[in-house]
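# Chain and residue survey
Here is what each chain is made of, one letter per residue.
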Amino acid sequence: MTALEPRDAAVVTESAETDADREGVLGRSYRALSVGIVSVVLLIAFEATAVGTAMPVAARELHGVALYAFAFSGYFTTSLFGMVFSGQWSDRRGPLGPLSAGIAGFATGLVIAGTAQAMWVFILGRAVQGLGGGLVIVALYVVVGRAYPERLRPAIMAAFAAGWVVPSIVGPLASGAVTEHLGWRWVFLGIPVLVVLPLALALPQIRRRASGPVQADQAAGSFDRRRIRLALGISLGAGLLQYAAQDLRPLAVLPGLAGAALLVPAVLGLLPRGTYRAARGLPSVVLLRGLSAGSFIAAESFVPLMLVTQRGLSPMLAGFSLAAGGLTWALGSFLQSRPRMAPYRERLMTVGMLLVAAAVATAPSVLVHAVPVWTVAVAWAFGSLGMGLVISSTSVLLLRLSAPEEAGANSAALQISDALSNVVLLAATGAAFAALGGGSTAAATAATAGGGTRSAAFAAVFLPMAGVALIGAWVTRRLRER
């Protein structure tokens, strides 16, 4: 496929085109756009990593601890709809509209959550945030596909990954300090002010390089109503599944079945044909994104809990055991962006998934007290390196395999695979953990862990997710179209 060249309403001379062809993502032609869109990613990353620290305090003050999980699931549920709608909007009218609306929605949701006086209002704010976040992430992918030549896309994807490094390390600490000294509300209310600079830098460049439909004669208003209905189905289905997974009573089976009935046909209709049988090319790229993200994130969610309850670490030390992962993830993204690595991209992704599988399988070894606790930190650093190789590469391959007029829909499919796998695998591992006595395991202390630990509950999380990662390693062999 020929790379989509940046669009420009102005007449560009041949010499200027030659200069632009030699520039990097921070060259004169791309500097404002690159700084602007990476700043958007940085702010979203900071919010995502900081909110977990403030959330327990917010739930307690709003007398909504019983609804705690819905403050997270509300975000993910609405983001699924936002992703599909953003893909439709971007393909038909360009990414400027959904990106602007998404940032506005994200900021509005933060304000609603930060000023909430009741837990249900707080959850509403999180849902509005999710809708905005879903619009933004897909629109950013379309901007990359339209505004950057193919040779620069690996580098800008690596910059996106690097945008998560500082927030992943500083975010929880800064959020904790703000929550302690100023109050949890300022964790939410402080971020909307910071979106002004990224918008001022990025929007004029997006309007110049990537606005409007790909084809001049494309009908701007012809949204696919069927896909919109499927998007509603996937959001509602995911929400019902999450609700059922949080309630192990027999009656919870009913909303779980209803969620599955909505979710399965919606997913089949929104993902590329052949995704679930790992058809070669684009379907396998989309499938790999879900397998890699879901297996790693589901396992990572239980690492701090395991270290705190089974090895007696403080929450801060348990969190720091994952800190190096942000750096090695960025390193993996940087490595895949090197031009000399391009011919070996599929091999790098195979290595990456094997590193993820090994890291996830190694983590529960610390349940044996003879194993040093720092084993998890080392394993997670290598696993994050693998994720950096895989996640950025799936984004690059998706844009390479997508026709310009399908970049939005395919980017939405990639993000749906990512988000939905997180929802489904977290629900599955959470249910298995609880069914095998995870609740009592979580309540255990290091002092009583010796004879009373229930290692099977943690093993039921990590070992199946290592198996999912190994399936992902097999899928990397099917990324090339024959």
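Described in the following lines is the structure provided in the data block.

### Some thoughts on the overall build of the protein chain
Regarding its fold elements, the protein chain presents 21 helices and 0 strands. Of all 482 residues assigned to the protein chain, the portion counted as buried reaches 53%. For the protein chain, the accessible area works out to roughly 20300 Å², and carbon and sulfur atoms hold 68% of it.

### A closer look at helix α15 (residues 323-337)
In this model, α15 (15 residues) spans 23 Å end to end at C-alpha, consistent with the 21 Å of a helix rising 1.5 Å per residue. Of all the positions in α15, only Ala323, Gly325, Gly326, Thr328, Ala330, Gly332, Ser333, Gln336 and Ser337 are classed as buried.

### Notes on the nonpolar core
Of all hydrophobic cores here, the largest spans 119 residues; its most connected members are Phe122, Tyr148 and Phe462. A total of 14 residues in this core trace back to one element, the largest contributor, which is helix α2 (residues 31-61). Discounting chain neighbours no more than four positions away, the residues touching phenylalanine 122 are Met55, Ala58, Leu62, Ala71, Ala113, Ala116, Trp184 and Phe188.

### Section: the packing of helix α4 (residues 96-115) against helix α5 (residues 119-147)
Two elements in contact, α4 and α5, have axes separated by 7 Å at closest approach and are oriented at 160°. Compared by their axis directions, α4 and α5 come out roughly antiparallel. In terms of crossing hand, the pair formed by α4 and α5 is left-handed. Two secondary-structure elements touch here, α4 through Pro98, Leu99, Ala101, Gly102, Ile103, Gly105, Phe106, Gly109, Leu110, Ile112 and Ala113 and α5 through Val121, Phe122, Gly125, Val128, Gln129, Gly132, Gly133, Leu135, Val136, Ala139 and Leu140.

### Structural notes on a positive patch on the surface
The grouping of Arg225, Arg226, Arg229, Arg273 and Arg277 at the surface amounts to a positive patch. Along the chain, arginine 277 falls in the loop between α11 (253-270) and α12 (282-300). In this structure arginine 277 comes out as exposed when scored by relative accessible area, which is 61%.

### Some thoughts on the pattern of salt bridges
Counted according to the given criterion, the structure contains 3 salt bridges. For the salt bridge of glutamate 150 with arginine 400, the shortest nitrogen-to-oxygen distance reads 3.1 Å. Separated by 250 residues along the polypeptide, glutamate 150 in the loop between α5 and α6 (153-162) and arginine 400 in helix α17 (residues 374-401) bring together distant segments of the chain. Its relative accessible area of 26% is what places glutamate 150 among the partly exposed residues. In this structure arginine 400 comes out as partly exposed when scored by relative accessible area, which is 26%. Arginine 289 is the partner of aspartate 418 in a salt bridge, and the nearest nitrogen-oxygen pair spans 3.0 Å. Within this pair, whereas aspartate 418 is found in helix α18 (residues 407-435), its partner arginine 289 is found in helix α12, the two being separated by 129 residues in sequence.

### A closer look at a nonpolar patch on the surface
Together, Val264, Leu268 and Tyr276 make up an exposed nonpolar region whose accessible area comes to about 330 Å². Within the secondary structure, valine 264 sits in helix α11. For valine 264, a relative accessible area of 48% gives the class partly exposed.

What counts, and at which threshold
- Numbers given to residues run from 1 along each chain, matching the order in which its sequence is written.
- This being a predicted model, a pLDDT of at least 70 is required before a residue's local features are given, and a value of 80 or more before pairs of side-chain atoms are given or counted; all residues contribute to the totals for chains, interfaces and linings.
- Hydrogens are left out, water is left out, and the side-chain values use all remaining heavy atoms of the structure.
- Under the DSSP-based scheme used, a helix requires at least four consecutive residues in state H or I and a strand at least two consecutive residues in state E, with every element numbered from the N terminus.
- Only protein chains enter the accessibility calculation, which uses a 1.4 Å probe; a residue whose area is less than 20% of its type maximum is buried, one above 50% is exposed, and one in between is partly exposed.
- Residue exposure ignores everything except the shown protein chains as possible cover, and the areas themselves are Shrake-Rupley values with a 1.4 Å probe.
- Take the number of residues in a helix, subtract one, and multiply by 1.5 Å to get its expected span.
- Think of a nonpolar core as a cluster: buried Ala, Val, Leu, Ile, Met, Phe, Trp, Tyr and Cys residues, connected wherever their side-chain atoms sit within 4.5 Å.
- The contact definition used throughout considers only heavy atoms, calling two residues in contact when any of these lie within 4.5 Å.
- Axis lines are fitted through C-alpha atoms, for helices just across the contact stretch, and the angle between N-to-C directions can take any value from 0 to 180 degrees.
- Every angle not falling under 35 degrees, over 145, or within 65 to 115 is termed oblique; those three ranges are roughly parallel, roughly antiparallel and roughly perpendicular.
- In this scheme, a crossing is called left-handed if the near helix is turned counterclockwise away from the far one by less than a right angle; it is called right-handed if the turn is clockwise.
- Like charges are joined within 9 Å and nonpolar side chains (Val, Leu, Ile, Met, Phe, Trp, Tyr) within 5 Å, but only among residues with over 30% relative accessible area and no salt bridge; these make up the patches.
- Basic side-chain nitrogens of Lys or Arg form a salt bridge, by our definition, when they fall within 4 Å of a carboxyl oxygen of Asp or Glu.
- Positive charge is attributed to Lys and Arg, negative charge to Asp and Glu, and no charge count is given to His or to the chain ends.
- The atoms used to mark charge sites are NZ of Lys, CZ of Arg, CG of Asp and CD of Glu.

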